[in-house]
Each structure stands twice: as C-alpha cells, then as structure tokens.
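# Observations on the three-dimensional arrangement
The chain contents come next:
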Amino acid sequence: MVTETNRAKTLIDIAAIAALKGRMRGELLTPGASSYDDARRLVNGRFNRQPAMIARCRNAQDVAHAVIFAREHGLEIAVRSGGHSVLGYSVVDGGMMIDLSQMRQIAVNAERRIARVQPGATNGEVVQTTAAYGLATTTGTCATVGMGGSTLGGGIGWLMGRFGATVDNVLAFEIVTADGEIRTASADEHPDLFWALRGGGGNFGVVTAITYQLHQIGPVLGGMALFPLAAAPLALRQYYHLTSAAPDELIAHAIMTTVPDFGPALVVQAVYSGEDLAEGDRVLAPLRRFGPPAADLIAPRSYVEAYMMLTPPTLPGLAYHDTAYTLRQPSDAAIDAMIDSALERPSPMSLINIHQFHGAATRVAPEATAFALREPHYSVVNIGAWPEGAGEAETTWTWMARARMAPYASKGLYVNFLGDEGEGGVREAYRANYDRLAVIKARYDEDNIFRRNQNIKPAATR
Ligand SMILES: Cc1cc2nc3c(=O)[nH]c(=O)nc-3n(C[C@H](O)[C@H](O)[C@H](O)COP(=O)(O)OP(=O)(O)OC[C@H]3O[C@@H](n4cnc5c(N)ncnc54)[C@H](O)[C@@H]3O)c2cc1C
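Parameters at a glance
Residues numbered from 1 in each chain as written. Predicted model: local features only at pLDDT ≥ 70, side-chain atom pairs only at ≥ 80, totals over all residues. Helix = DSSP H or I, 4+ residues; strand = E, 2+ residues; numbered from the N terminus. Rg over C-alpha atoms; globule rule 2.2 N^0.38 Å. Buried ≥ 20, exposed ≤ 12 C-beta atoms within 10 Å, placed from the backbone. Contact = placed C-beta atoms within 7 Å. Pairing = 2+ DSSP bridges. Axes fitted to C-alpha atoms, helices over the stretch in contact; angles between N-to-C directions. Near = placed C-beta within 6 Å. Nonpolar A, V, L, I, M, F, W, Y, C, P; charged D, E, K, R; others polar. Domains from an automatic or database assignment. Core = buried A, V, L, I, M, F, W, Y, C linked by C-beta atoms within 7 Å. Expected span 1.5 Å × (residues − 1). Parallel < 35°, antiparallel > 145°, perpendicular 65-115°, else oblique. Left-handed = near helix turned anticlockwise from the far one by under 90°.

Take the overall build of the chain next. Across its full length, the chain holds 14 helices and 19 strands. Radius of gyration (C-alpha) of the chain: 22 Å, near the 23 Å computed for a compact globule of 462 residues. When each of the 462 residues of the chain is scored for burial, the buried share is 51%. Contacts in the chain between residues at least 24 apart in sequence constitute 70% of all its contacts with a sequence separation of at least 6.

See below:
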C-alpha cells in the first residue's frame, strides 16, 4: 500500500537521487539504466546482486558524494575496484555500489620512481604501464585483479621476494573516510590510518588513489614447467624442495588442474627476477631436470611477458567457490593429501593453487603494517569452477579439500584469500594487530559503514 509517508519518502528520494546525479562527474545508475546490468556484475559469475544504485565514480569528489548520500539514506555500501572479491563483497542487494572501475589512471614519474594509481586500474595495467619505463612494483599475479582490493589486503606476487608485498611499496593513499572527507594517509599525514590501510582491507574508507615505490626491473627467467598429474607425488616434493631453499629473487607457485590439450597436470610457475639470469638457471635447474617435465616453457623474457604468460585466464560468467588455508612446512602426508584432493576434482576447470610467500616480504616486522602474516609460508587455494548451475559438486569439493588439510594447516590466512569465517577468521589473519586496527576503525568509521569486507569491528570507545 502506498501511504502518504511512503509517497513523500519516494519523492524525497527521487529528488535526492537527482541531486546526487547532478553533483557527480561520473554516472549514477539505477535499475533499468542501460549499463546497470554490466556494472553490477563481478568477475565471479556466482554473484547476481541488485544494488539500489551504482555510483560510477570519476574522482574522489564523486566518491565523497556517494559516501555521504549512502550514509544519509541508510544504504549499505559496497566498494568495487577490479571486481574480484572472492566473497562478492563488492556488490550489494538494495544498497549503494561505489564502482571505481572507471578510475584507472596510472601516472608514472620515472625520475622519482613512483607511480600514482587509481584503484580501478588492474594489476596487469600497472605491470604493463610501468614496464614501459623499465620499472615495476609488486602486484598480484592475476592481470585482471584490481589494485584497490589487492593492495589493501596486502598484495603478494612475483616480486615480493625482492621488493616486499604490495603494501610494503605504498608511499601514500588518498582516501574518502566515513565522514565524506578526502584525506591523505602517509608516513607524515594520518600515520595511524596509513598503518591500518597497509593490509587492513576496505575497513577504513574508500581509497581513491595509491602512490607506489617503483624499482628497476630487467629481463627475468620466467615461465612454467608442466608435469602430468600422475607425476605429482615426486614433482610436488621437488617443488617444495626448490622453494624452501629459494633465494629472494625466485617466487614459484604450483597449480594442480587440467590443462587443455595436455590433461591433468601439475604446473609449476616460476619467476626469477634477479639480475644474474645464469644464477637463475642454476637455481631452477633441479626442477627443470627433474622428471623431466613434459613441457618446459621457462626462458629469459621481459618481466611483462612472463607476467602476462602466467596470469590465470578469467572466463566471463564462470562461477567460482574458493576455500583456502596456510601451510608452513608441508610434510609428506600433507603433500599426499593435497594430491588426493587434486585427483578428486569434480570438474576439469577446478584447481588447487599453491602460492609461495617468502623473501623480503617476510622480513618486515608483523607489527610494522597491518599485514601480520609475515613468516615464510604457502597459501593454498582450492578453487571450484563451473560454467552453469549451482556448482554443488565443486563447492562441496572445495570444503572437503580444505577439511582434509586441517591437520596440517597453520593458523591465520592472508585476508585476500579468506572466506566467510566470521570474526574468528579475521582475528586470526590480523593476530596481535587486530586490537590496534579496531581502535583505528573506531576513530575513522565508528558506525562501521564500511563493513562489506573482512570486517574489523570498531573498538568500544566508551
Ligand atoms: C583469480 C584470482 C587471482 C588472485 N591472485 C592474487 C595474487 O596473486 N595475489 C594477491 O595478493 N591476491 C590475489 N587474489 C586476491 C585478490 O587480491 C582479492 O580478491 C582482492 O580483494 C581483489 O581486488 P579487486 O579490486 O579486484 O576486487 P573488488 O571485488 O573490487 O574488491 C574487493 C574488496 O576490496 C575492498 N576494496 C576494493 N577496492 C577498494 C577501495 N578502492 N577502497 C576501499 N576498499 C576497497 C572492498 O572491501 C571490496 O569489497 C586473487 C584473486 C582472484 C579471484
């Protein structure tokens, strides 16, 4: 029934929406707008949510208008940069989706070796743009992931062994906080916020630009070695042998999946980013001689070529469900259990992805930034993937693959891989940093309006 009060509210809302539209440089999309359906889709086809409105922002001022509007009208906020959230946090039913996908400028100052990047730029765009100057910073390994989400959670990738995690290379953030103010967070301005943003996720506001330290990068030794999955019991042990003694310059990941035209496989992806590629050859020789691999595509290449070769394909509309866990030093039993899960994958596109975490990123003190998980480890992600339907078999498989590893897993997981594990999972990810994060959260977002994330509850202030 349309009551007078409801009619008045609708009229006010329509007027308010029109006013917001008028203030924004970008678009404000409501259901029915021609690009509304495109804009609400995330990369993971599993999420089909309908926001009340989508603010396709062009600049920080647009973001501030959207935050203030959402706050005044009690709309739940979702923030989207690259749209790769594994839990679909970046789209919300009935709320305000703040879409930063059009904010993707990358400005490189080659002389100062810095880049100012808007959060909708992807990891691949940053790698490609900085490579034109012979420079790079640490990004995630997937070209289509957004710099916004990947940086705020920590950022792990091929260069972390040499240059640290992505957050270790951030010099400043521009951020719109819950009060609608546009602030800078750096070592000199709001240092508490700067500390929290380096790993604390989307808890503290909407980041609208990030300044990164860049480093010189020459050719790397990079590519992949393919082994039949049947060879995994020995080849995966060889991978652990290689990575547990690896120099900082080498990062190697292992993936168990089905490779088109090859079959079930263990794929070892490696990037040796040191200046002496002959040393890289020596380091990688045991892996490349082992077996030998059915295909060895490791070769000297430009960093950007290696990066693009190793990026996972993202097929539009494909649905995924992930579970993940941390392994410190995998025992023989743990390796065998992981391979058993790989053999039981219910669909060829499903996979187990083992990310190596080591080197410079592990020598930053856990309390130096919000990103606490600093010891050398492997983050293992079980990804169930399916093209249509509910994906029940794939989802169940991801849970079983994780449950099987429970006896071997260690506490705490990289927040960007964390599933919906409630406050306990978030506390374990941040460890001793959690309480300090909760205090900073209360300072900048007391009402927890930024809660579609691995949420840090504001500390009680009185
Ligand atoms: C295929 C795949 C490969 C991956 N590989 C890696 C990897 O190699 N290394 C790695 O570190 N991670 C990796 N990840 C994890 C990835 O970093 C996270 O999923 C990350 O959150 C995605 O960022 P996004 O901007 O694309 O996602 P979005 O869905 O846009 O954002 C995810 C969440 O981050 C927060 N957020 C995003 N942007 C902002 C912003 N500007 N201001 C405030 N909050 C914001 C919000 O809470 C948002 O809901 C991978 C994920 C996938 C799906």
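Okay, back to it.
What follows deals with the pairing of strand 9 (residues 182–186). Note that strand 8 (residues 170–176) and strand 9 share five bridges and pair antiparallel. In the strand pairing of strand 9, Phe 173 is matched with Ala 185. Adjacent in sequence and paired antiparallel, strand 8 and strand 9 are bridged by five residues, among which Gly 180 carries a positive phi angle near 85°.

Within the open sheet, the four strands sit side by side as 1-2-4-3. Their pairing is mixed. One side of each edge strand has no neighbouring strand; the edge strands of this open sheet are strand 1 (27–29) and strand 3 (77–80). Across the sheet, the mean angle separating the axes of adjacent strands is 20° when strand polarity is ignored. The strands touched by helix 3 (residues 60–72) within the sheet are strand 2 (53–56), strand 3 and strand 4 (96–99), with strand 4 carrying the most contacts at an inclination of about 170°.

Moving on to the sheet that holds strand 10 (residues 206–213). Across the sheet, which stays open at both edges, the five strands sit in the order 5-6-10-8-9 with antiparallel pairing between neighbours. Each having just a single partner strand, strand 5 (106–109) and strand 9 make up the two edges of the open sheet. Recorded for the sheet is a direction-independent mean angle of 15° between the axes of neighbouring strands. Sheet topology note: the strand 8/strand 10 ladder contains six bridges and is antiparallel. Considered in strand 10, the bridge of Val 170 is made with Tyr 212.

A word on the site of the ligand. What surrounds the ligand is a group of 33 residues, the closest being Gly 82, Gly 146, Gly 148, Gly 149 and Gly 202. Contributions of two or more residues to the shell around the ligand are made by strand 3, helix 5 (147–153) and strand 10. Here the element with the most residues in the shell around the ligand is helix 5; it accounts for five residues. Here the residues of the shell around the ligand sort into twelve nonpolar, 19 polar and two charged. Here the shell around the ligand gathers at least three residues from each of two domains, domain 1 (4–99) and domain 2 (106–216 + 431–444).

This part covers the domain arrangement of the chain. You can read the domains of the chain as domain 1 (4–99), domain 2 (106–216 + 431–444) and domain 3 (220–417). One C-alpha centre belongs to domain 2, the other to domain 3; they are set 24 Å apart. Contact with domain 2, which involves 33 residues of that partner, is made by 32 residues of domain 3. Residue assignment for the side of domain 2 that touches domain 3 shows that the elements contributing at least two residues are helix 4 (123–131), helix 5, helix 6 (160–163) and helix 7 (191–197). Residues of the side of domain 2 that touches domain 3, tallied by class, amount to 16 nonpolar, 13 polar and four charged.

Attention now moves to the nonpolar core. Membership of the largest hydrophobic core comes to 137 residues, with the highest contact counts inside it found for Ile 98, Leu 266 and Val 268. Top element by residues in this core is strand 14 (residues 263–272). It accounts for seven residues. Contact partners of Leu 266, with chain neighbours within four places excluded, come to Phe 227, Leu 229, Ala 231, Ala 232, Ala 235, Leu 236, Ala 254 and Met 256.

Let us look at helix 8 (residues 232–244). Between its first and last C-alpha, helix 8 extends 17 Å over 13 residues, near the 18 Å set by a 1.5 Å rise per residue. Within helix 8 the residues assigned to the buried category are Ala 232, Ala 235, Leu 236, Gln 238, Tyr 239, Tyr 240, Leu 242 and Thr 243.

So, on to the packing of helix 4 against helix 10 (residues 303–310). It is the contact of helix 4 with helix 10, at a shortest axis distance of 9 Å, that shows an interaxial angle of 165°. By the criterion of interaxial angle, the relationship of helix 4 to helix 10 is roughly antiparallel. For the crossing formed where helix 4 meets helix 10, the hand is left-handed. Each of Gly 124, Val 127, Gln 128 and Ala 131 in helix 4 lies in contact with helix 10, whose residues at this interface are Tyr 303, Val 304, Tyr 307 and Met 308. Across the contact of helix 4 with helix 10, the residue classes tally to six nonpolar, two polar and no charged.

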